[in-house]
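Here is what each chain is made of, one letter per residue.
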Amino acid sequence: MSPKAQTQKTGQRTANADTWKCFFVRLPWLMLVPLGFALPLFAANNSAFINGFYAEKLYPFIAKTTQLFTSFLPFSLAEFILVSGSVSLAAFVVVLAVRLIMRKTSVPRLFNTILTIVIIAGAMLNMFYVMWGFNYNRADLSHSMNLEVTPRSTEELQQVCYYLVAQANAYRENVPTNSDGVFESELTFHELQKVIEPTYAALAEQYPIFAGSVGNVKGVVLSKGLSYAGISGIFIPFTNEANVNIDQPSLLLLASAAHESAHQLGIAKEDEANFASYLVGTKSNSADLCYSATMLALINCTNKLYEADSDAYFEVYSLYGDGIKRDLADYNKYWKQFEGPVEETFENLNDSYLQFNNQESGVKSYGEMVDLVIAYYFDVIIATDS
C-alpha cells in the first residue's frame, strides 16, 4: 500500500471514529421521542395546570406571538413549508440512496443522518403539544358554557332538526347562487375574517372560552390534493394558521373556516370546533356564513336522526327548500368523485390521531357536535324565547 493510500485510509478511520463519537454524544436526544408520547399523559393528569396556566396564559401568548409572523402573509406558510419540505426530503432521499449505492456515504454517517431525522421528529412532537396539543385536555366546552349534555329522545332531536331546517330555509333566501341555482358565496377570505374574528370576540363577552387571537383564514393553493384526502380544512399548530380547502363547494366552506378558526382559540376537540363554527356562524351578520354554519349543524343532526328513526328523518327532509336540496346534491356530487384508497388512508390516519389525543370516537367525533347543538337549543334558545 502506497504512503498516500495509507494516509487516506487512516484519515477515513479517524473521520469514522469522530462520526461515531458524534453519534453517541447525541444519542440521549432520542429521549425526546418517548417524552413527546408521554406529554398527553402528563396533560391528562394535570387538569389544573392545563385549564389554568396553559389555557389562560401560555397558549394565548404562543398563539398571538406565532400569528405575528404568519397573519400578515397572504399565503399559507404551512403549505409552503410542507411542499418545499417534501420536495427537499425527496431529493435528499434520492441523493442519499445514490451515495449509498456508490459507497460514498459511510455507515456511521448514515446512522448520524437517521439519528438527526428521529431527533427532529421528536422535537416537533414535543413542540406540537406545548404549542397547541395540550388543548385536547381542556375542560369540555359544555362545562365552560354551562350546557347540560344529557341523553336526549328522538323526539327532542327531531324538534331541533325542525328548528334548523326553518333557519336554513330562511338564510337560503338571502345568499348568492351561481347559474345552476347552487349557493356560491362571494365573500373573500379577507371579508370572511372580518366577520369571524369580531363575532368570536362578541361571544367571548358571554363565554370567555372563545376569547383569544384569531388570525387570517388561509386558502390552500393545492386544495384539490386536500379533497383527495377528504380534508375540508386543517389547522397547523406550528404556524397557528387556519387553512381551508377552497376547491370544495361553498355550502360548508365558510363553516370550515369558522371551524379552523376555533382551533386557533384553543378549542381542540373536533365536535367542539364544529359547534363553535355553528355558534359563531349563526351569531354573525353574514347571511352566507349563517347559512353555511346552520347547514353544518343540520347535516350532522339529520344524520343522527336518520340513524335513530328514518321516518322522522324524512318528515324533516320534506321541509327542505329546493335551494337546500340543490346545494346538498352539488356538495355530495363534489365529494363523491374523491372517494377511494387515498381518502380512506387519510381517514384512518386521522382516526388514529384523534383517538390518541383523547377523542375516543376518532373521526366520528366530528358528528358529536349534535349533543352540543341539542343542549344549546334547549338550554339557551328555548330558554331565551320563553
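Preceding this paragraph is the structure being described.
Just so it is clear, the structure is predicted and the values come from calculations on it, not from any experiment. (Residues numbered from 1 in each chain as written. Predicted model: local features only at pLDDT ≥ 70, side-chain atom pairs only at ≥ 80, totals over all residues. Heavy atoms only, no water.)

A. Highlighting the pairing of strand S3 (residues 241–245). Within S3, five of the five residues are buried, which leaves it mostly tucked inside the rest of the structure. Here S3 shows two buried faces, one formed by Glu241, Asn243 and Asn245 and the other by Ala242 and Val244. Note: strand S1 (residues 217–220) against S3, four bridges, orientation parallel. Counterpart to Gly219 in the pairing with S3 is Val244. For strand S2 (residues 233–236) and S3, the ladder comprises four bridges, and the chain directions are antiparallel. What sits directly across from Ile236, in S3, is Glu241. (Buried < 20%, exposed > 50% of the residue type's maximum accessible area, 1.4 Å probe, protein only. Helix = DSSP H or I, 4+ residues; strand = E, 2+ residues; numbered from the N terminus. Pairing = 2+ DSSP bridges.)

B. Here's a closer look at the environment of Leu296. Mapped onto the secondary structure, Leu296 falls in helix H12 (residues 287–308). Distance from Leu296 to Asn274, taken between C-alpha atoms, is 7.9 Å for residues 22 residues apart in sequence. Excluding residues within four positions of it along the chain, Leu296 makes contact with Leu252, Ala255, Asn274, Ser277 and Met369. (Contact = heavy atoms within 4.5 Å.)

C. Quick look at helix H8 (residues 189–206). The end-to-end C-alpha separation of H8 is 26 Å, in line with the 26 Å expected for 18 residues at 1.5 Å each. By the burial criterion, the buried members of H8 are Leu192, Gln193, Val195, Ile196, Thr199, Tyr200, Leu203 and Ala204. Taken around the axis of H8, the buried residues stretch over an arc of 165°, which confines them to a single face. Those residues of H8 that are exposed and aimed more than 90 degrees away from the buried face are His190, Lys194 and Glu205. Buried residues belonging to H8 abut S1, helix H10 (250–264), helix H11 (270–282) and H12. (Expected span 1.5 Å × (residues − 1). Arc of directions from axis to C-beta.)

D. A look at the packing of aromatic side chains. Tallied over the full model, the rule gives 28 aromatic pairs. Ring plane angle 85° and centroid distance 5.2 Å describe the contact between Tyr306 and Tyr313, whose orientation is recorded as edge-to-face. Here Tyr306 falls in the partly exposed class, since its relative accessible area comes to 44%. Joined through ring pairs, the aromatic side chains of Phe42, Phe49, Phe53, Tyr54, Tyr59, Phe128, Tyr129, Trp132, Phe134, Tyr136 and Phe235 make up one cluster. (Phe/Tyr/Trp six-rings, centres within 6.5 Å; stacked < 30°, edge-to-face > 60°.)

E. The arrangement of the pattern of salt bridges in detail. In total, this model carries six salt bridges according to the counting rule given. Put simply, Asp140 and Lys269 hold a salt bridge, and the shortest N to O gap is 2.8 Å. Placement of the pair is Asp140 in the loop between helix H5 (107–131) and helix H6 (141–144) and Lys269 in the loop between H10 and H11, with a sequence separation of 129 residues. A relative accessible area of 37% places Asp140 in the partly exposed class. Residues Arg172 and Asp327 are paired through a salt bridge, measuring 2.6 Å at the closest nitrogen-oxygen approach. (Salt bridge = Lys/Arg side-chain N within 4 Å of Asp/Glu carboxyl O.)

F. Representation of the state of the cysteines. One pass over the structure, following the stated rule, counts zero disulfides. Distance from the sulfur of Cys161, which forms no disulfide, to the nearest cysteine sulfur (Cys301) is 5.1 Å. (Disulfide = S-S within 2.5 Å.)

G. Local environment of unusual backbone geometry. Phi at Asn146 takes a positive value of approximately 60°, unusual for a residue other than glycine. Its place among the elements puts Asn146 in the loop between H6 and helix H7 (154–172). Judged by its relative accessible area of 69%, Asn146 falls in the exposed class. If you check the backbone angles, Asn240 has positive phi at about 50° while not being a glycine. Considering the arrangement of structural elements, one finds Asn240 in the loop between S2 and S3.

H. Seen up close, the nonpolar core. Formed by 70 residues in total, the largest nonpolar core has its most connected members in Met145, Tyr200, Phe210 and Phe275. Listing elements by their share of this core, those giving two or more residues are H7, H8, H10, H11, H12, helix H13 (310–317), helix H14 (322–336) and helix H16 (369–385). If we skip the residues at most four places from it in the chain, Met145 touches Tyr207, Ile209, Phe210, Phe275, Leu279 and Tyr376. Counting residues in each nonpolar core, the second largest holds 13 residues, with Leu39, Ile50, Tyr54 and Ala63 among its members. (Core = buried A, V, L, I, M, F, W, Y, C linked by side-chain atoms within 4.5 Å.)

I. How the structure looks around a nonpolar patch on the surface. On the surface, Val83, Val87, Val221 and Leu222 cluster together to form a nonpolar patch covering roughly 370 Å² of accessible area. Position of Val221 relative to the elements: it lies in the loop between S1 and helix H9 (223–228). Under the relative-accessibility criterion, Val221 is labelled exposed at 67%. (Patch = residues over 30% accessible without salt bridge, like charges linked within 9 Å, V, L, I, M, F, W, Y side chains within 5 Å. Areas by Shrake-Rupley, 256 points an atom, 1.4 Å probe, with all protein chains shown as cover.)

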